[in-house]
Amino acid sequence: MVADTKLYDALGVAPGASDAEIKKAYRKLALRHHPDKQSSTTDGAPADPTRFQEIQHAWEVLSDPDQRADYDEFGEKGSGGGGGGAGDEEMFHDFFAEMFGGVPPGFGGPPPPGGGGGGGRPRQKRKTQTPPSVVDLPLTLEELYTGCAKHLAVERTRTCATCAGSGAKPGRQAKPCVKCSGQGQTFAMKQMGPYIQRVPIRCTLCEGRGLKVRDQDACKKCKGARTVRDKKRVDFHVERGMHFGETIVISGEGDESPDSSAPGDLHITVRPLPHPTFVLVPPRSPSSPSDLSTTLSLTLSESLLGFSRLILVHLDGRGLRVAQPGPGQRGWRVLKGGDEVVVPGEGMWRAGRRGDLVLRVEVAMPDEQWAMGLAERGGVETLRGLLPPRRPDLAKVVVEEGKETDEVELEEKKEQPEEEEQWYHGTGRPYDEDEGAAPGCQQQ
Ligand SMILES: [Zn+2]
Ligand SMILES: [Zn+2]
């Protein structure tokens with residue numbers, strides 16, 4: 001139960017609203033009520049600068065986990081004053097002055113009056129959003145073809161709820177850091193050309209905050225770390241046809257830090273898994289759908305004379321039947337091994353469109369067993385009469401006089417991996433081959 005809902009009302013959200021909801025509401029309202037926007041509106045609504053200030057103030061309090069927690073517990077007093085009048089910045093600093101006897105260096109603003117500055121400049125650090133967390137999401141082509149609901153168990157850093165990110169036990173608080181005397185920075189001597197200069201470096205003990213919770217004052221839950229690890233199930237939808245490396249952004253579900261204005265986003269990167277039947281062809285442009293490719297294996301008879309049968313089961317479980325005409329019929333052609341034929345619109349989805357399905361023809365020649373059977377049935381001469389005639393001896397036709405003819409053997413060709421496709425599917429590492437062999441890399 002919250003003490004006061006005024007700030008939530010100002011943004012038009014419920015007191016239990018998520019950080020993402022608050023952010024969205026703030027952006028929408030701030031845009032609508034911004035004084036610059038207001039003066040140029042044509043709907044005749046009078047400019048209301050106080051409304052914009054209200055929205056701004058609500059955002060500043062509610063977007064900060066510490067301030068929001070205080071506001072929820074104590075209402076407006078807890079978060080720094082009665083509203084209106086003094087600027088938010090000022091109220092915030094007054095609040096800190098009251099709580100901790102000084103503004104921590106991490107929060108910017110003027111140096112505390114009469115503080116032992118020691119000549120150090122006040123640090124101007126703005127609170128920014130925590131950087132995003134990135135996770136990899138392997139997906140089958142079936143999942144990518146239909147789109148799917150997925151969930152991930154995400155482990156992330158959250159502001160400790162027990163101490164609301166202060167790191168201290170109830171009634172205790174962080175004290176100025178002993179190492180940096182509350183300045184958040186220490187100094188090191190550094191040679192700069194002919195001079196030795198005193199350069200500021202971030203204090204390692206308080207990590208630049210200037211405040212440090214003493215061990216005996218530390219929060220029992222987070223041991224003074226101010227954050228805890230937390231596991232959460234994150235549900236999301238994968239759009240059909242997402243490309244390799246594309247990212248699904250889940251607002252506010254990344255790591256959270258009490259020093260940031262908002263929790264980081266979670267970036268989920270799509271990685272299609274290799275498929276036993278289909279290969280995903282890299283798209284021509286980021287907006288175009290990918291083609292799928294697979295092998296169409298035909299018998300010699302089918303290759304020459306046409307066929308009508310189920311050729312494959314698609315990624316969504318549908319069968320695909322092809323009626324390939326025979327000789328003399330309309331649309332007939334001999335499908336030779338290595339030919340590529342296309343089934344338009346049976347590729348991967350993308351924004352309501354589909355790529356093509358590319359079929360690489362493979363012709364399974366009859367084997368020795370079949371040929372032996374034919375010979376036993378006395379069919380060899382019949383077949384020879386039916387098949388195209390043999391070629392004349394090549395040597396007599398093209399080999400120049402004085403040139404020799406060598407006897408050679410036929411061996412199986414070793415498949416060369418298609419590097420680009422390997423890279424696209426994340427299964428190959430085409431650039432690793434050069435590792436260690438690059439010029440200048442080997443010392444011995
Ligand atoms: Zn804690
Ligand atoms: Zn320190």
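Residues numbered from 1 in each chain as written. Chains lettered and ligands numbered in written order. Predicted model: local features only at pLDDT ≥ 70, side-chain atom pairs only at ≥ 80, totals over all residues. Heavy atoms only, no water.

## Concerning the coordination of the zinc ion (ligand 1)
Consideration 1: Looking at the zinc ion (ligand 1), the protein donor atoms are Cys160 (SG), Cys163 (SG), Cys219 (SG) and Cys222 (SG), and they sit 2.2 to 2.3 Å from it.
Consideration 2: In this structure, the zinc ion (ligand 1) is coordinated by four donor atoms arranged in tetrahedral fashion, with angles at the metal of 104 to 115°.
Consideration 3: Positions of the donor residues of the zinc ion (ligand 1), expressed as sequence spacing, correspond to C-x2-C-x55-C-x2-C. Of this pair, Cys163 sits in the loop between strand E2 (148–159) and strand E3 (175–176) while Cys219 sits in the loop between strand E6 (211–212) and strand E7 (227–238), and the two are 56 residues apart along the sequence. (Donors = N, O, S within 2.8 Å, 3.2 Å for Na, K, Ca; no water. Tetrahedral: all angles 85-135°; square planar, octahedral: opposite > 155°, others 65-115°. Helix = DSSP H or I, 4+ residues; strand = E, 2+ residues; numbered from the N terminus.)

## Considering the coordination of the zinc ion (ligand 2)
Angles between donor atoms at a metal ideally measure 109.5 degrees for a four-coordinate tetrahedral arrangement and either 90 or 180 degrees for a six-coordinate octahedral one.
Consideration 1: Surrounding the zinc ion (ligand 2) are the protein donor atoms Cys177 (SG), Cys180 (SG), Cys203 (SG) and Cys206 (SG), at 2.2 to 2.3 Å.
Consideration 2: With four donor atoms in place around the zinc ion (ligand 2) and angles of 102 to 116° between them, the coordination shape is tetrahedral.
Consideration 3: Between consecutive donor residues of the zinc ion (ligand 2), the sequence gaps follow C-x2-C-x22-C-x2-C. In this pair, Cys180 sits in the loop between E3 and strand E4 (185–192) while Cys206 sits in the loop between strand E5 (195–202) and E6, placing the two residues 26 residues apart along the sequence.
Consideration 4: By relative accessible area, which is 4% here, Cys180 ends up buried.
Consideration 5: Of the residues examined, Cys206 reaches a relative accessible area of 4% and is grouped as buried. (Buried < 20%, exposed > 50% of the residue type's maximum accessible area, 1.4 Å probe, protein only.)

## Overview of the sheet that holds strand E10 (residues 279–280)
Consideration 1: With mixed pairing, the four strands of this open sheet are ordered in space as E10-E11-E17-E14. Only two strands of the sheet have a single partner each, and these edge strands are E10 and strand E14 (340–343).
Consideration 2: Relative to strand E11 (residues 292–299), E10 is paired through two bridges, and the arrangement is antiparallel. Residue Leu280 lies in a different strand from E11, and its bridge partner there is Leu292. (Pairing = 2+ DSSP bridges.)

## A short note on the sheet that holds strand E1 (residues 133–139)
Consideration 1: What the three strands build is an open sheet, ordered E1-E9-E8; its pairing is mixed. Pairing within the sheet leaves two strands with one partner each, and these edge strands are E1 and strand E8 (247–250). Adjacent strand axes in the sheet meet at a mean angle of 25°, parallel and antiparallel pairs treated alike.
Consideration 2: Note that E1 and strand E9 (residues 266–272) share seven bridges and pair parallel. The residue bridging Asp136 from the neighbouring strand is Thr269, located in E9. (Axes fitted to C-alpha atoms, helices over the stretch in contact; angles between N-to-C directions.)

## Observations concerning the nonpolar core
Nonpolar side chains in soluble globular proteins tend to end up buried together.
Consideration 1: Ranked by size, the top nonpolar core spans 34 residues in total, and within it Phe236, Val238 and Leu292 carry the most contacts.
Consideration 2: When residues of this core are assigned to domains, at least three fall in each of domain 2 (133–174 + 213–272) and domain 3 (279–365).
Consideration 3: Non-local contacts of Phe236, meaning those with residues more than four positions away in its chain, are made with Leu137, Cys148, Ala149, Lys150, His151, Leu152, Ile248, Ile250 and Ile268.
Consideration 4: Tyr8, Ile55, Val61 and Leu62 belong to the second-largest nonpolar core, a separate cluster that totals 18 residues. (Core = buried A, V, L, I, M, F, W, Y, C linked by side-chain atoms within 4.5 Å. Domains from an automatic or database assignment. Contact = heavy atoms within 4.5 Å.)

## Structural notes on the pairing of E8
Consideration 1: The side-chain alternation of E8 yields one buried face, formed by Ile248 and Ile250, and one unburied face, formed by Thr247 and Val249.
Consideration 2: The sheet contact formed by E8 and E9 spans four bridges and is antiparallel. Looking at the pairing, Thr247 lines up with Thr269 of E9.

## Details of the environment of Val238
Consideration 1: Note that Val238 resides in strand E7.
Consideration 2: Look at Val238 and you get buried, because its relative accessible area is 0%.
Consideration 3: Sequence separation of Val238 and Ile268 is 30 residues, and the distance between their C-alpha atoms is 10.0 Å.

## Overview of the packing of aromatic side chains
Consideration 1: The full count for this structure, using the stated rule, is two aromatic pairs.
Consideration 2: Look at Tyr8 and Tyr71: their rings are 5.9 Å apart centre to centre, the planes differ by 45°, and that puts the pair in the tilted class. Taken as a pair, Tyr8 in helix H1 (residues 6–11) and Tyr71 in helix H5 (residues 65–74) lie far apart in primary sequence, 63 residues in all. Tyr71 matches Tyr8 in its accessibility class, with the two residues each being buried.
Consideration 3: Relative to Trp59, the ring of Tyr26 lies with its centre 4.5 Å away and its plane at 5°, an arrangement referred to as stacked. With Tyr26 in helix H2 (residues 19–33) and Trp59 in helix H4 (residues 49–62), the pair connects residues that are 33 residues apart, well separated along the chain.
Consideration 4: The exposure class of Tyr26 is buried, given its relative accessible area of 14%.
Consideration 5: A residue is classified by how much of its surface remains accessible, and Trp59, at 18% relative accessible area, is buried.
Consideration 6: The cationic tip of Arg198 hangs over the ring face of Phe187; the distance from NZ or CZ to the ring centre is 4.1 Å.
Consideration 7: One cation-aromatic arrangement involves Arg309 over Phe307; the distance from NZ or CZ to the ring centre is 5.6 Å. (Phe/Tyr/Trp six-rings, centres within 6.5 Å; stacked < 30°, edge-to-face > 60°. Lys NZ or Arg CZ within 6 Å of the ring centre and 35° of its normal.)

## Considering the confidence of the model for the chain
Consideration 1: Per-residue confidence for the chain averages 79 on the pLDDT scale, and 76% of its residues sit at or above 70.
Consideration 2: Contacts from residues 427–444, a stretch scored under 50 in pLDDT, to residues over four places away or in other chains number nine contacts. (pLDDT = per-residue confidence, 0-100.)

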